[in-house]
Amino acid sequence: MPMSSGWSAVPAQRVSSLRSHVEKTLSAAIISGQLKPGDMLTVPTLAAEFEVSATPVREALLDLASRGLVAPVRNKGFRVTEVSEEQAQHIADIRMLLEPPAMRRLAEAFDASKEPEVRALADKIVQGARDGDIKSYLESDVEFHGRLTGMLGNPMLTDIVTDLRTRTRLSNLERLAASGKLEASAAEHHELLDALVARDAERAEAVMRRHIGHTVGIWAGKREPDA
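Conventions we followed
Residues numbered from 1 in each chain as written. Predicted model: local features only at pLDDT ≥ 70, side-chain atom pairs only at ≥ 80, totals over all residues. Heavy atoms only, no water. Salt bridge = Lys/Arg side-chain N within 4 Å of Asp/Glu carboxyl O. Helix = DSSP H or I, 4+ residues; strand = E, 2+ residues; numbered from the N terminus. Buried < 20%, exposed > 50% of the residue type's maximum accessible area, 1.4 Å probe, protein only. Core = buried A, V, L, I, M, F, W, Y, C linked by side-chain atoms within 4.5 Å. Contact = heavy atoms within 4.5 Å.

K.L.:
Help me get a handle on the pattern of salt bridges, residues and values and all.
P.N.:
Within the structure shown, the criterion is met by 18 salt bridges. For Arg-165, the salt bridge goes to Glu-99, with nearest N and O atoms at 2.9 Å. Here Glu-99 lies in helix α4 (residues 85-107) and Arg-165 lies in helix α7 (residues 155-167), a separation of 66 residues in the sequence. Across the pair, Glu-99 and Arg-165 agree in class, each one buried. Note that Asp-194 is salt-bridged to Arg-119, the shortest N-O span being 2.9 Å. Of this pair, Asp-194 sits in helix α10 (residues 188-197) while Arg-119 sits in helix α5 (residues 115-131); the two residues are 75 residues apart in sequence, bridging distant segments of the chain. Under the relative-accessibility criterion, Asp-194 is labelled partly exposed at 33%. A single network of salt bridges, built from pairs that share partners, joins Arg-95, Glu-99, Asp-141 and Arg-165.

Spelled out as structure tokens, the structure:
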């Protein structure tokens, strides 16, 4: 399925970055729902669309398959997978067990010297929401939370959290952005960082719980109890 011009390739980059560019672009399109479950992705078509050789496209698709975002179909290509409501809830449940306690722990000894670099990422998330640039929004979001989790010094935790985030489907993001409502939830990144800087562990945990709740709530097109 061809993607809209908003997701099209940028001019050729260094070979080492092509795979990453293709993977991040396709990942964002799948997570946001632009590429829908059942859509078929083929290497030749994507290579032409991204204006790159087949190799980085094939490698990017294999990366996505390893994360469950696509599945190989013999002699056809890769099909975008479906995540059921039950699976989405399972992902959110696991994240609830990991991320809020992690932010509570981080708040107890947050290094304020790290604030500027993380604040800049929070700004990019809000700007992405304001501009309706879902690709930038999602990439900055993953980097923001990965950077914070990484400050705890447990690479395995960071990898697990990042993997769970990239498996989450957020099909309502584009509609929220178009309505101007995505910016409000994007601001939660600043709220979380404010709590960390203030070393307010209880607030940091609460913000993180609310934030994750959106993945099976408004970001997925569902009503939330207080929405």
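K.L.:
Lay out the nonpolar core in plain terms, naming residues and giving numbers.
P.N.:
Met-103, Tyr-137, Leu-148, Leu-182, Leu-192 and Leu-196 are the most contacted members of the largest nonpolar core, which totals 38 residues. A total of six residues in this core trace back to one element, the largest contributor, which is α5. Every residue in contact with Leu-148, bar those within four places of it in the chain, is listed here: Met-103, Leu-106, Phe-110, Val-118, Leu-192 and Leu-196. If you look at the next biggest cluster of nonpolar residues, it comprises 20 residues, including Ile-30, Leu-35, Val-57 and Val-80.

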